[in-house]
Amino acid sequence: MKVTLAMKPAAKGFIPIEAESIVPKNFLSGTDLLVWRGNRELRLDEVFSVSVEGEADRAEGVEVVLSGETFRLKRVGEYMDGGKITVLGDIGMHCGNFMTAGTIEIHGNADGWLGREMAGGAIVCRGDVADYCASGYRGGRKGMKGGTVEVFGRAGDFLAENLADGTVIVHGDAGDMPGAEMRGGTLIVHGDCSRPAANMKGGSCYVYGTAREMIPTFKKIGPVQHDGRTLIQFAGDLANRGKGNLFVKNYEYLD
Amino acid sequence: MTELLVKNACVIDPLRGINGDVMDIAIRDGKIVEEVSDAAEVVDARGMLTMPGGIDSHTHICGTKVNFGRYMSPEDMRAGRTPRRGPMHATSGYSVPTTYGNSYRYSVMGYTTLLEGAMAPLEARHTHEEFTYTPLQDTMANTLFDGNWAIMEAIRDGDIKRVAAIIAWTLSAVKGFGVKLTNPGGTEAWQWGKNVSCIRDPVPYFEVTPAEIIRSVVEANELLHLPHSVHLHCNNLGTPGNYTCTLGSMGLIPDLNPKRQTLYATHVQYHAYGGSGWKDFCSKSEPIANFVSMRPQIVIDMGQVMFGRTTTMTADGPMEFNLYRLHHDKWSNHDVELETGSGIIPVVYRRKNLVNSIMWSIGLELALLTKSPWQCLLTTDNPNGAPFVKYPEIIALLMSKRYRDAEFATVHPDTGSRVPLPAIERELDWNEIAVMTRAGAARALGIQDLGKGHLAPGADADIAIYPLKIDEVDPSAEYQKVIDGFSQTEYTIKRGRVVARRGECLVHGSNATFWVRPKVPENYDMSKDPDFIEKFERYYTVRMSNYPVQEEYLSRNRCIETEADL
């Protein structure tokens, strides 16, 4: 089953739409769903032109395609447990929160908190992602617990903060504090970043570019071969009695 | 004039010796009266268990450290979210909920009076502001004196009357209710990076010992004729083998008051540990409970631990630092100038953990081994042992050996060799539960004469009606019914109005804050004492004239005036 949701142009202004109901599973019983715009609850067809092709009896058989001003949509795919969501433009905050299975593909950029606290499944973003991609939430001890997030553009600050398990790959640069407080899983940044893996407790963080403002509480182990690259291995974060591994291509400490 | 008649109530009112009689209760203008006119609104209790409104004699619900618990744990606010509904505000939080969250949840459980366990005098305004937004319970605040410089100097000089005078001025200034000592001396030592190991260690600089602080403040408290006794959180909280220190502290206390106890020792579960370290950690609830049973001058509360997530918060800064070193999670520490300090960390108590399982047992043992329920009150030291919403489960555990055995089978397997709990057959009855949750608390706090904790004519019409038929429910077998019954009242009546019904709060309410103003002779008025003023202006960051809490901070309030013997 393919559900196409084309957003109708907003009459006025920029009011985000809370669309946690846009999850493949929900479309098995029709398109009679509700979303919130500000303090008003709207039917799906008041916001989108809805069209449905084919049928499915399991969430895995459902693909939802979003197009139009999709950057206004928040919480798309929250608690998603199967199927596929394709976003043809940019997507708003909190896309794929808590998802456990299925795939989300974003052709544009993603706003903050993409894949926050996800436990499984896969998210692919062709553009850039904003802050707190694949991270935990305020005060929480465990962030992402499984699955994969792959970003082809750049990532903002606090990428994969509190990462507990799963894999996060960013092909461009990352911002400040990627992998902060991480306790497991794998984080790979192909470009540069600053202050990686601060206070890490476990897991592995790879920086194929330059790690600026390296945290001084990591112990240098020495060069290792990884995936055809020569990286320098560090262990830490000693400030947190951590047993994590940080691998960097180049690094510089703050003067 | 508003009148209300509660008909066919099965009343348990221990302070009047009523145990399960079916009767009507007449209410006029917020007070219980002999009879009301035919025009009175009628609430039919249909034989349901009816008791005076619950009184929590030690809880942390308002004030700076509670609020810092909220700051520190944004994740806690993800639980317990309820939207706005009728007169109810939106709430959130589990172990440190919003003030409305506390107020509604207590009200739904039938609680109408709360004692905030520890208010730093300098930060009293915050506590009173939060009291204002705890609308469905009357409130009062224990005021911290454990590290008060002026008091320690007066004790060093051997001047008990001056100690009393300083307490009198401070309580009146900050609108406090009782005197709280939290790890006396220890919090001051913590400001030097130290702690006191027990009651005979001198506090740095002041050279007074915790024993001297406890004895002197207890005597001063009685000189002032305060309604409540000294409220003591003993030294050495949470340390293996600390029960000897607890017994030593309790042994210092003479019997000075015929109406109530002379010492209220709080959350004694945390102070009843044996062993020399965590490896041989064990319960010492028996010696403590036996000691208390022999001394009418002491009342304790359980400080029961229940499994799950919560937040610990106390004025005992050094203890929280030790906890932080165990858990290595978030930690906050706070110093309150010349008075006290505090610390906060979130914790999870786990069944799989042997120490936590023993702690869970000790609280129950204290309640079951202390002979008189008037001497051991039901608390969790909310939220330190568990959030107060666990009270119904604790009641059921105390009333049912079968429930205790079922729970005991799920805790750490080695617990049995470290605690006496499995051998205790006692099951408390409804009357004893009523004592531990209201009548005993009212007597211990000295507020029974103010119309709290009983349903005699003239008393405040604070009533909890639980959907339980006590002659039909067998608490020892049907413990789930007990839990459900105590979790949600059929009616909670506060000052003559139905404020909660089957889980819904019906009115916004407005509480009253109780505070004391002891009258002292002119020569003991600290606001005119040159030495006190000089030190105050020199060491505090606030001017003495800005220190007292203005009356505007108290919405409704009841000032209790006492005559001091100075």
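Not measured: the values here are computed from a predicted model.

The rules we used
- Residues numbered from 1 in each chain as written.
- Chains lettered and ligands numbered in written order.
- Predicted model: local features only at pLDDT ≥ 70, side-chain atom pairs only at ≥ 80, totals over all residues.
- Heavy atoms only, no water.
- Domains from an automatic or database assignment.
- Contact = heavy atoms within 4.5 Å.
- Salt bridge = Lys/Arg side-chain N within 4 Å of Asp/Glu carboxyl O.
- Polar contact = N/O pair within 3.5 Å; in protein donor to acceptor, adjacent residues only side chain to side chain.
- Helix = DSSP H or I, 4+ residues; strand = E, 2+ residues; numbered from the N terminus.
- Nonpolar A, V, L, I, M, F, W, Y, C, P; charged D, E, K, R; others polar.
- Buried < 20%, exposed > 50% of the residue type's maximum accessible area, 1.4 Å probe, protein only.
- Pairing = 2+ DSSP bridges.
- Buried area = accessible area lost by both parts, 1.4 Å probe.
- Axes fitted to C-alpha atoms, helices over the stretch in contact; angles between N-to-C directions.

Q: Looking at this structure, how should I read the domain arrangement of chain B?
A: Put simply, an interface is often sized by how much accessible area is lost when its parts join up. Residues and elements named next belong to chain B. In terms of domains, chain B is made up of domain 1 (3-52 + 451-505) and domain 2 (54-449). Of the residues lining the interface, 38 residues belong to domain 1; the matching set on domain 2 comes to 38 residues. Our enumeration of links across domain 1 and domain 2 arrives at three salt bridges. The residue Lys452 makes a salt bridge to Asp138 at a minimum N-O spacing of 2.6 Å. Applying the counting rule to domain 1 against domain 2 returns 14 residue pairs in polar contact (both at pLDDT 80 or more). Here the side of domain 1 that touches domain 2 gets five residues from one element, more than from any other, and that element is helix α15 (residues 479-487). Its residues assigned to classes, the side of domain 1 that touches domain 2 shows 22 nonpolar, 10 polar and six charged.

Q: Just checking my understanding: could you explain the pattern of salt bridges for this structure?
A: Pairing between side chains becomes possible if they bear opposite charge and their charged atoms approach one another. In total, this model carries 52 salt bridges over all chains according to the counting rule given. The partner of A:Glu69 in a salt bridge is A:Arg72, and the shortest N-O contact between them spans 3.4 Å. A residue is classified by how much of its surface remains accessible, and A:Glu69, at 28% relative accessible area, is partly exposed. With relative accessibility at 5%, the residue A:Arg72 sits in the buried group. Between B:Arg85 and B:Glu504 there is a salt bridge whose closest N-O contact spans 3.1 Å. Of this pair, B:Arg85 sits in the loop between α1 (64-72) and α2 (99-108) while B:Glu504 sits in strand β22 (residues 504-505); the two residues are 419 residues apart in sequence, bridging distant segments of the chain.

Q: How should I be thinking about the pairing of strand β10 (residues 230-233) of chain B in this particular structure?
A: Looking down a regular strand, the side chains alternate between one sheet face and the other. All names here are of chain B. Of the two faces of β10, both are covered, the one formed by Val230 and Leu232 as well as the one formed by His231 and His233. Alignment of strand β9 (residues 178-182) against β10, held across three bridges, turns out to be parallel. Bridging across to β10, Leu181 finds its partner in Leu232. Alignment of β10 against strand β11 (residues 263-265), held across three bridges, turns out to be parallel. The residue of β11 that forms the bridge with Val230 is Leu263.

Q: What should I look at first to understand the environment of B:Pro422 in this one?
A: Along the chain, the position of B:Pro422 falls in the loop between α13 (401-408) and α14 (430-445). The contacts of B:Pro422, once residues within four sequence positions are left out, are B:Lys401 and B:Phe408.

Q: Before we go on, may I ask you to explain the environment of B:Phe408 in this structure?
A: Residues and elements named next belong to chain B. Following the sequence through the fold, Phe408 ends up in helix α13. In sequence terms Phe408 and Trp360 are 48 residues apart; their C-alpha atoms lie 9.7 Å from each other. Apart from residues no more than four positions distant in its own chain, Phe408 is found in contact with Trp360, Ser361, Thr415, Gly416, Val419, Leu421 and Pro422.

Q: What is the right way to read the interface of chain B and chain A from this model?
A: Every contact between the two is made by eight residues of chain B and, on the other side, 11 residues of chain A. Buried surface at the junction of chain B and chain A, summed over both partners, amounts to about 680 Å²; 38% is from carbon and sulfur atoms. Summed over the three residues of chain B that lose the most area to chain A, namely B:Glu75, B:Arg78 and B:His328, the buried surface amounts to 70% of that side. Along the contact surface separating chain B from chain A lie three salt bridges. Across the salt bridge formed by B:Arg78 and A:Glu117, the nearest N and O atoms sit 2.7 Å from each other. Along the contact surface separating chain B from chain A lie six residue pairs in polar contact (both at pLDDT 80 or more). Here the residues of the side of chain B that touches chain A are counted per class, giving two nonpolar, one polar and five charged.

Q: Help me out: how do you make sense of the sheet that holds strand β15 (residues 308-314) of chain B in this one?
A: Each strand in a sheet pairs with another by means of backbone hydrogen bonds, the pair being arranged parallel or else antiparallel. All names here are of chain B. With antiparallel pairing, three strands are arranged side by side in an open sheet as β15-β17-β16. Strands at the two margins of the open sheet, each flanked by one partner only, are β15 and β16 (332-336). Neighbouring strand axes in the sheet, compared pairwise and without regard to direction, differ in orientation by 15° on average. As defined by bridge partners, β16 adjoins strand β17 (residues 340-349) across five bridges and the pair is classed as antiparallel. What sits directly across from Ser332, in β17, is Ile344. Packing of α1 onto the sheet brings it into contact with β15, β16 and β17, and relative to β17 it is tilted by some 45°. Contacting β15, β16 and β17, helix α10 (residues 317-327) runs over the sheet at an angle of about 30° to β17.

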